[in-house]
Amino acid sequence: EVPEISPEQARSDAAQRLKIGIYFATWWALNVVFNIYNKKVLNAFPYPWLTSTLSLAAGSLIMLISWATRIAEAPKTDFNFWKALAPVAVAHTIGHVAATVSMSKVAVSFTHIIKSGEPAFSVLVSRFLLGETFPVPVYLSLVPIIGGCALAAVTELNFNMTGFMGAMISNLAFVFRNIFSKKGMKGLSVSGMNYYACLSILSLFILTPFAIAVEGPQMWAAGWQTALSQIGPNFICLGMKAVFVRALIAFVGVSVPITSFADLENILVYATMNLLHNRWIAAQSIFYHLYNQVSYMSLDEISPLTFSIGNTMKRISVIVSSIIIFRTPVQPVNALGAAIAVLGTFLYSQAKQ
Ligand code: 3PG
């Protein structure tokens, strides 16, 4: 017998569904934009430790400003809060930098195909480290997930070990992040938005010294020059040079003695690329924060299981859009592997329910 639902109840259920639908759509859209800009930056400027630090810095800055101007209410936190947040932040930092390193070495789609295997890591960690057991169908659903990822990996045209391992490490780290943050958020009065803000700030502190040790300012400065000189001229249409040169020089404040048209040309290329790259970096950093913030806001409203299903569905939109935008070559078996892996995740979610 189907229980009666009052009209008010039905209306509020529908409103809740609509709200979650809007959260999901926003989360996925922001994530697609992040992935595109992130890859554009990494293609021109392959310094994943710096760019992942900048994404955390942008998020921290946005939230500090929002708190200072009271756009958002600052959370009330104590030492115990930050202590409980520390393991989450370590896992978040490792997962984030590993995914970014991966994307600097392989196609965005490949990183996300491997990342669609995250549920398998979740089951294995829960089983072997936490001693949790699952119904048999859950274990069976791991077969297509692992098999599909493996098939996609071995048939990947531009396979790279660092790229592959980065995505695998990111999977493992994010499983721990989710386990720790589920524990940490329970019974807290801090909202999903503020929880993620504190997570960014703490992760920024953790990542910065490592980014300087692994890459460092010298490498970044040299890389910036290379990036500018390599792709600069392609973007310039000769006729536009003379027109825009003064405005651009004024805008970026380049003060170099100009002695010839060649100098003008170099300055213009430099200035244009500086602006363009700065915009890409700003975009990837800001969108990184926004999509994570929205995902933590939706985590407030839904179960971790629904969250992880949403996360895998998100990867489909990223995989498809990045293949189109970056014209990534895909072989049919490769695509089949990805499809099997994603289907496996769907079966996993059904089995877990
Ligand atoms: C990152 O840089 O943190 C990853 O791109 C994020 O991966 P996600 O899709 O699991 O959030």
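The numbers attached to residues start from 1 for each chain and follow its sequence in the written order. In keeping with the predicted nature of the model, local features appear solely for residues at pLDDT of at least 70, side-chain atom pairs appear and are counted solely at 80 or more, and the whole-chain, interface and lining totals rest on all residues.

## Observations regarding the overall build of the protein chain
Here is step 1 of the chain: Secondary structure elements follow DSSP: runs of H or I of four or more residues count as helices, runs of E of two or more count as strands, with numbering from the N terminus. From N to C terminus, the protein chain includes 13 helices and 0 strands.
Here is step 2 of the chain: Counting from the amino terminus, the protein chain carries its helices and strands in the arrangement α-α-α-α-α-α-α-α-α-α-α-α-α.
Here is step 3 of the chain: Relative to its full complement of 353 residues, the protein chain shows a buried share of 40%.
Here is step 4 of the chain: C-beta atoms are placed from the backbone for every residue, and two residues are taken to be in contact when these atoms lie within 7 Å. Excluding contacts between residues fewer than 6 apart, the proportion of contacts in the protein chain whose partners are at least 24 apart in sequence is 89%. Counting other C-beta atoms within 10 Å of its own, a residue is labelled buried from 20 upward, exposed at 12 or fewer, and partly exposed in the gap between, with every C-beta atom placed from the backbone.

## Here's the deal with the confidence of the model for the protein chain
Here is step 1 of the chain: Confidence scores here are pLDDT values: one per residue, from the predictor, ranging 0 to 100. Looking at the protein chain, pLDDT values average 86 and 86% of them are 70 or higher.
Here is step 2 of the chain: Looking over the protein chain, one finds the lowest element-wise mean pLDDT in helix α10 (residues 238-252), namely 54, and the highest in helix α8 (residues 192-214), namely 96.
Here is step 3 of the chain: In the model output, the complex is listed with pTM 0.84 alongside ipTM 0.92.

## Regarding unusual backbone geometry
For residues that are not glycine, phi is negative in most cases, and the peptide bond is trans in most cases.
Here is step 1 of the chain: Its identity is not glycine, yet Arg70 carries a phi of approximately 60°, on the positive side.
Here is step 2 of the chain: If you trace the backbone, Arg70 turns up in the loop between α2 (48-68) and α3 (79-105).
Here is step 3 of the chain: The exposure class of Arg70 is exposed, given the 8 C-beta atoms found within 10 Å.
Here is step 4 of the chain: Positioned with a positive phi, Arg327 is a non-glycine residue whose angle comes to about 50°.
Here is step 5 of the chain: Locating Arg327 in the fold gives a position in the loop between α12 (304-325) and α13 (332-352).

## Notes on the packing of α2 against α3
Here is step 1 of the chain: Think of each axis as a best-fit line through the C-alpha atoms, taken over the contacting stretch in the case of a helix, with angles from 0 to 180 degrees between the N-to-C directions. Two elements in contact, α2 and α3, have axes whose closest approach is 9 Å; the angle formed by their N-to-C orientations is 135°. Put simply, α2 runs oblique to α3. Two packed elements cross with a definite hand, and for α2 against α3 that hand is right-handed. Contact residues: α2 offers Pro48, Trp49, Thr51 and Ser52, while α3 offers His96, Val97, Thr100, Val101 and Ser104.
Here is step 2 of the chain: Charged residues are taken to be Asp, Glu, Lys and Arg, nonpolar residues to be Ala, Val, Leu, Ile, Met, Phe, Trp, Tyr, Cys and Pro, and polar residues to be all remaining types, Gly included. Looking at the contact of α2 with α3 residue by residue, the classes come out as 4 nonpolar, 5 polar and no charged. Angle categories are assigned with fixed cut-offs, so that under 35 degrees is roughly parallel, over 145 is roughly antiparallel, 65 to 115 is roughly perpendicular, and the rest are oblique. Handedness of a crossing follows from how the near helix is turned relative to the far one, being left-handed for an anticlockwise turn of less than a right angle and right-handed for a clockwise one.

## Points about the nonpolar core
Here is step 1 of the chain: A set of buried Ala, Val, Leu, Ile, Met, Phe, Trp, Tyr and Cys residues, joined to one another through C-beta atoms within 7 Å, is what we call a nonpolar core. Counting 74 residues, the largest nonpolar core has Ile113, Phe287, Tyr291 and Ala341 as its most contacted members.
Here is step 2 of the chain: No other element matches helix α1 (residues 7-44), which puts 11 residues into this core.
Here is step 3 of the chain: Not counting the four nearest positions on each side in its chain, Tyr291 is found in contact with Trp27, Leu30, Asn31 and Phe34.

## What about the packing of helix α5 (residues 118-128) against helix α7 (residues 161-185)?
Geometrically, a packed helix pair is captured by the angle between its two axes and the distance between the axes.
Here is step 1 of the chain: At a closest axis distance of 9 Å, the pairing of α5 and α7 adopts a crossing angle of 55°. Viewed along their axes, α5 and α7 adopt a mutual orientation that is oblique. Taken as a pair, α5 and α7 cross one another with a handedness that is right-handed. Contacts between α5 and α7 involve Glu118, Phe121, Ser122 and Val125 from the first element and Asn171, Leu172, Phe174 and Val175 from the second.
Here is step 2 of the chain: Its residues assigned to classes, the contact of α5 with α7 comprises 5 nonpolar, 2 polar and 1 charged.

## Brief notes about the UniProt feature "transmembrane region" (unreviewed entry) in the protein chain
Here is step 1 of the chain: UniProt positions are given in the numbering used here, feature names are shortened, and annotations may be inferred rather than shown by experiment. The sites that carry the UniProt feature "transmembrane region" (unreviewed entry) are, in the present numbering, residues 20-37, 49-68, 136-155, 161-180, 192-214 and 243-264.
Here is step 2 of the chain: End C-alpha atoms of residues 49-68 are separated by 29 Å, and the span's content is 100% helix alongside 0% strand.

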